[in-house]
Amino acid sequence: MQDGFGRSITCLRLSVTELCNLRCRYCMPEEGICKRSHEEMLTQEEMVLAAEAAASLGITKIRITGGEPLVKKNILSICRHIAAVSGIQELCLTTNGTLLPPMARALRDAGVQRLNISLDTLRPERYAALTRRGTLDQAWAGIQSALEAGFAKVKLNAVLIGGYNDDEIRDLAALTLRYPLDMRFIELMPTVGAAAFPKEAYLPAAAVLQDLPEAVPQPADGGVAELYRLPGAVGNIGLIRPVSVSFCGSCNRLRLTADGKLKPCLHSRSEYSLKGLDREGMIAEMRLAIQNKPRQHAPLSQAAPSQAGRSMNRIGG
């Protein structure tokens, strides 16, 4: 289905939980969040129903997000049922990786084809400081298990933070020389939870190219990342610039929160409730959300933060 500006909406980011085993500084408060009642959250049946409704409107790709989706006890069942929905051609999952080792192969067998794994630093002390709970060893074990499980694609996501990890750009990019994965650098967004970062933290992704002048542009793969490759590398480097360069004109996604709110734009307060609806009711709300998807969100900066009204763990990072 096309929105009012001619964009074909083909991707749904489905958050299965607001909870996480980490407390990343740009995503969640240190004390965590108040766990809401089961009745407030989407059930597995409603998630699958939403996937069916989305597929009927032309959605072909679903990305499972959180919070941390692997803390969800029935995550394998959710993935298995959504992968079986007619019309869904690609099922992906975003994770911090720390819980992956015993689950990687089971996720692949359940129909997950691609994984995105958060990795903001290669320094143990920095990783512990940023996540407040996790260890780099746990994350790296998750990455290794993902590579061994044979997913079609493994991508690592680093939020680029000035004064924190901008001195690791070359080290992170060098992972693509050794492993068959993509390393993507994402600009820090001024969302709820990132307000405590100083102005210097909001570094444009162009800094990556300044540090890697030998990187060669690569053809786009249909995603939002601008792709480059180091000579001799087996994976790509990706730049995702939600702050310095708007890609709203090619946005093809909707987001469904774990409490059943459909967001046509990440940075808008506009939400459409799917909780408690039957399939036809969900289709009607999805049509409305797509029709009312804005052309673009307002420019983002520390002085003009996101209007999403939720922290990233409550949207689906």
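Above this text you will find the structure in question.
Everything in this summary refers to the structure shown in the same document. (Residues numbered from 1 in each chain as written. Predicted model: local features only at pLDDT ≥ 70, side-chain atom pairs only at ≥ 80, totals over all residues. Heavy atoms only, no water.)

1. Observations regarding the overall build of the protein
Secondary structure summary: the protein contains nine helices and 12 strands in total. The globule rule puts the C-alpha radius of gyration for 317 residues at 20 Å, and the 18 Å found for the protein is close to it. Taken along the three principal axes of its C-alpha coordinates, the protein extends 50 × 40 × 40 Å. Excluding contacts between residues fewer than 6 apart, the proportion of contacts in the protein whose partners are at least 24 apart in sequence is 73%. Surface summary for the protein: the accessible area is close to 13300 Å², and the carbon and sulfur share equals 52%. The centroid of the 38 positive side-chain charges in the protein is displaced by 2 Å from the centroid of its 32 negative side-chain charges. (Helix = DSSP H or I, 4+ residues; strand = E, 2+ residues; numbered from the N terminus. Rg over C-alpha atoms; globule rule 2.2 N^0.38 Å. Contact = heavy atoms within 4.5 Å. Areas by Shrake-Rupley, 256 points an atom, 1.4 Å probe, with all protein chains shown as cover. Lys, Arg positive; Asp, Glu negative; His and termini not counted. Charge placed at Lys NZ, Arg CZ, Asp CG, Glu CD.)

2. A look at the environment of A128
Tracing the backbone through its elements, the reader meets A128 in helix 4 (residues 124-131). With relative accessibility at 36%, the residue A128 sits in the partly exposed group. For the pair A128 and R23, spaced 105 residues apart in sequence, the C-alpha separation works out to 9.9 Å. Residues in contact with A128, not counting those within four places in the same chain, are R133 and G134. (Buried < 20%, exposed > 50% of the residue type's maximum accessible area, 1.4 Å probe, protein only.)

3. Describing the side chain of R253
Inspection of the secondary structure puts R253 in strand 10 (residues 253-256). Here R253 sits buried without a salt bridge, and the closest side chain of opposite charge, D221, lies 9.3 Å off (N-O distance). Excluding its chain neighbours within four sequence positions, the residues that come into contact with R253 are I9, C11, R13, V224, P264 and K293. (Salt bridge = Lys/Arg side-chain N within 4 Å of Asp/Glu carboxyl O.)

4. A look at the packing of helix 1 (residues 44-56) against helix 2 (residues 75-83)
Where helix 1 meets helix 2, the closest approach of the two axes is 9 Å, and the angle between their N-to-C directions is 25°. When the axes of helix 1 and helix 2 are compared, the pair comes out roughly parallel. Here helix 1 runs over helix 2; the crossing is right-handed. Contacts from Q44, M47, V48 and A51 in helix 1 reach S77, I78, H81 and I82 in helix 2. Here the contact of helix 1 with helix 2 is built from residues that sort into five nonpolar, three polar and no charged. (Axes fitted to C-alpha atoms, helices over the stretch in contact; angles between N-to-C directions. Parallel < 35°, antiparallel > 145°, perpendicular 65-115°, else oblique. Left-handed = near helix turned anticlockwise from the far one by under 90°. Nonpolar A, V, L, I, M, F, W, Y, C, P; charged D, E, K, R; others polar.)

5. Considerations on unusual backbone geometry
The residue after G66, namely G67, is reached through a cis peptide bond having omega 15°. As for its placement among the helices and strands, G67 is situated in the loop between strand 2 (61-65) and helix 2. Residue R132 is not a glycine yet carries a positive backbone phi of 70°. Within the fold, R132 resides in the loop between helix 4 and helix 5 (136-149). Its relative accessible area of 25% is what places R132 among the partly exposed residues.

6. Here we look at helix 2
Along an α-helix, a turn takes 3.6 residues, which lines up residues three or four apart on a common side. Among the residues of helix 2, I75, S77, I78, C79 and I82 are the ones counted as buried. Contact partners of the buried residues in helix 2: strand 1 (11-15), helix 1, strand 2, strand 3 (90-95) and helix 3 (104-109).

Keep in mind these values describe shape, not function.
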